[in-house]
Amino acid sequence: MSMTDRDHVHEQYRTEVHLEVRQSVWHPTREGRDPATEALAAVVAAAPRRVLEIGCGTGAFAGRLANALPDAEVVAVDQSARLVELTASRGVEARVADALDLPFADDAFDAVAAMWMLYHLPDLHRGLAEARRVLRPDGILVAVTNGDDHLGDLRREAGGAPLHTQFSSENGEAALREHFDVVTRDDLSTRAFFADHNAAVAYLASWPDDVTWSLPPFEGPREYAGHVTVFVAR
Ligand SMILES: C[S@@+](CC[C@H](N)C(=O)[O-])C[C@H]1O[C@@H](n2cnc3c(N)ncnc32)[C@H](O)[C@@H]1O
């Protein structure tokens, strides 16, 4: 399947099940740095009055934003009705919307966050142009994504190949520079812990690939390396 196929993306996120399987394995870098926390710090440092998260998933980051910025208005959108419902249950203003056609006026936000979602857009540059449009001229976009070799060892061992996407640590900066004047980046080596072979197989099965995985059996827990980048564009 294509990471950008609308129907498949819709089905993949119809419920929170696949997303929560994948999120459950991740741990910070050896230095204790976590991508979402770094992204949160970047948004908070901009002291925004209005913040938009696009592709909010279950709303964990939007909830953290609302807590960290009690005087700001936090709005979250996602294409999945169920994930919007979960986000709203955290007390965040959330609605179903397509990142390619945001239902907001020009210059409406001081910050936009796009966490692990730009790789799903059928038209990446339209999505980036939409983020730019709803941002004030001095606003920031914080975009988090994975590198090409994210979990590469696991995927290779299981008979697949690393996942190369349209918005990655490697190609994300160039894409952002087409829409923003200044782009900074923070690269983090995160770690995935699997309690046992079954947990690693469940993770692979949750990811939207066409691959038939065959991970050779192993005993006990395993750790695999992740590669994540937090981009800040203005
Ligand atoms: C990998 S999940 C990440 C969720 C959340 N940002 C997180 O970090 O946990 C990708 C999210 O983007 C959403 N999404 C994908 N394409 C979208 C689109 N065109 N418009 C809005 N949301 C979209 C999905 O429904 C899903 O919630």
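Bear in mind the structure is a predicted one, so any value in this text is a computation, not a measurement.

Caption draft 1: Region of interest: the overall build of the chain. The secondary structure content of the chain amounts to 9 helices and 8 strands. In terms of overall dimensions, the chain is globule-like: its C-alpha atoms have a radius of gyration of 17 Å, near the 17 Å expected for 234 residues. Counting only C-alpha atoms and orienting by the principal axes, one finds that the chain spans roughly 50 × 35 × 30 Å. Across the 234 residues that make up the chain, the buried fraction comes to 50%. Long-range contacts, defined here as pairs at least 24 residues apart, represent 75% of the contacts in the chain between residues at least 6 apart. Counting only carbon and sulfur atoms, one obtains 50% of the accessible surface of the chain, whose full area is about 10,600 Å². Each charge sign in the chain was given a centre, from 22 positive and 37 negative side chains, and these centres are 3 Å apart.

Caption draft 2: Fine view of the sheet that holds strand β8 (residues 222-233). On the basis of which strands lie adjacent, the open sheet formed by 8 strands has the order β1-β7-β8-β6-β5-β2-β3-β4 and mixed pairing. Looking at the sheet topology across the chains shown, the edges are occupied by β1 (26-27) and β4 (93-96). Pairing geometry for strand β2 (residues 50-54) and strand β5 (residues 109-115), over 4 bridges, is parallel. Residue Leu 52 lies in a different strand from β5, and its bridge partner there is Val 112. Against the sheet, helix α6 (residues 124-134) engages β2, β5 and β6 (135-146), with an angle of about 145° to β6.

Caption draft 3: Quick peek at the site of the ligand. Within the structure, the ligand sits among 20 residues, and Gln 23, Gly 55, Asp 78, Gln 79 and Met 115 are positioned closest to it. Between an oxygen atom of the ligand and a side-chain N or O atom of Asp 78, the distance comes to 2.5 Å. Interatomic distance of 2.9 Å between a backbone N/O atom of Ala 99 and a nitrogen atom of the ligand. Protein coverage of the free-state accessible area of the ligand, which is 590 Å², stands at 94%. Grouping the amino acids of the shell around the ligand by side-chain chemistry returns 12 nonpolar, 5 polar and 3 charged.

Caption draft 4: Molecular detail of the nonpolar core. With 30 residues, the main nonpolar core has Leu 52 and Leu 141 as its most contacted residues. Every element with two or more residues in this core is listed here: β2, β3 (73-78), β5, α6, β6, α8 (172-177) and β8. In this structure, Ala 36, Ala 39, Val 92 and Ile 140 belong to the second largest nonpolar core, which totals 25 residues.

Caption draft 5: Up close: α6. Those residues of α6 that fall on the buried side of the exposure criterion are Leu 124, Gly 127, Leu 128, Glu 130, Ala 131 and Val 134. The arc enclosing the buried residues of α6, seen along the axis, measures out at 155°, which places them on a common side. In this fold, the buried residues of α6 make contact with β2, β5, β6 and α8.

Caption draft 6: Up close: the environment of Ser 2. If you trace the backbone, Ser 2 turns up in the segment before α1 (6-12). Note on Ser 2: relative accessible area 37%, which makes it partly exposed. In this structure the C-alpha to C-alpha distance between Ser 2 and Thr 165, which are 163 residues apart in sequence, comes to 9.5 Å. Here the side chain of Ser 2 touches Thr 4 through a polar contact of 2.8 Å, side chain to side chain.

Caption draft 7: A look at the packing of aromatic side chains. What the rule picks out here adds up to 4 aromatic pairs. Residues Phe 167 and Phe 231 carry aromatic rings whose centres are separated by 5.7 Å and whose planes lie at 65° to one another, so their mutual orientation is edge-to-face. Here Phe 231 lies in strand β8 and Phe 167 lies in the loop between α7 (152-157) and α8, a separation of 64 residues in the sequence. The exposure classification of Phe 167 matches that of Phe 231, with both residues buried. Ring pairing ties together the aromatic residues Phe 194, Tyr 203 and Tyr 224, which thus form one cluster.

Thresholds, definitions, all that
Residues numbered from 1 in each chain as written. Predicted model: local features only at pLDDT ≥ 70, side-chain atom pairs only at ≥ 80, totals over all residues. Heavy atoms only, no water. Helix = DSSP H or I, 4+ residues; strand = E, 2+ residues; numbered from the N terminus. Rg over C-alpha atoms; globule rule 2.2 N^0.38 Å. Buried < 20%, exposed > 50% of the residue type's maximum accessible area, 1.4 Å probe, protein only. Contact = heavy atoms within 4.5 Å. Areas by Shrake-Rupley, 256 points an atom, 1.4 Å probe, with all protein chains shown as cover. Lys, Arg positive; Asp, Glu negative; His and termini not counted. Charge placed at Lys NZ, Arg CZ, Asp CG, Glu CD. Pairing = 2+ DSSP bridges. Axes fitted to C-alpha atoms, helices over the stretch in contact; angles between N-to-C directions. Near = heavy atom within 4 Å. Polar contact = N/O pair within 3.5 Å; in protein donor to acceptor, adjacent residues only side chain to side chain. Nonpolar A, V, L, I, M, F, W, Y, C, P; charged D, E, K, R; others polar. Core = buried A, V, L, I, M, F, W, Y, C linked by side-chain atoms within 4.5 Å. Arc of directions from axis to C-beta. Phe/Tyr/Trp six-rings, centres within 6.5 Å; stacked < 30°, edge-to-face > 60°.

These values are about where atoms sit, not about what they do.
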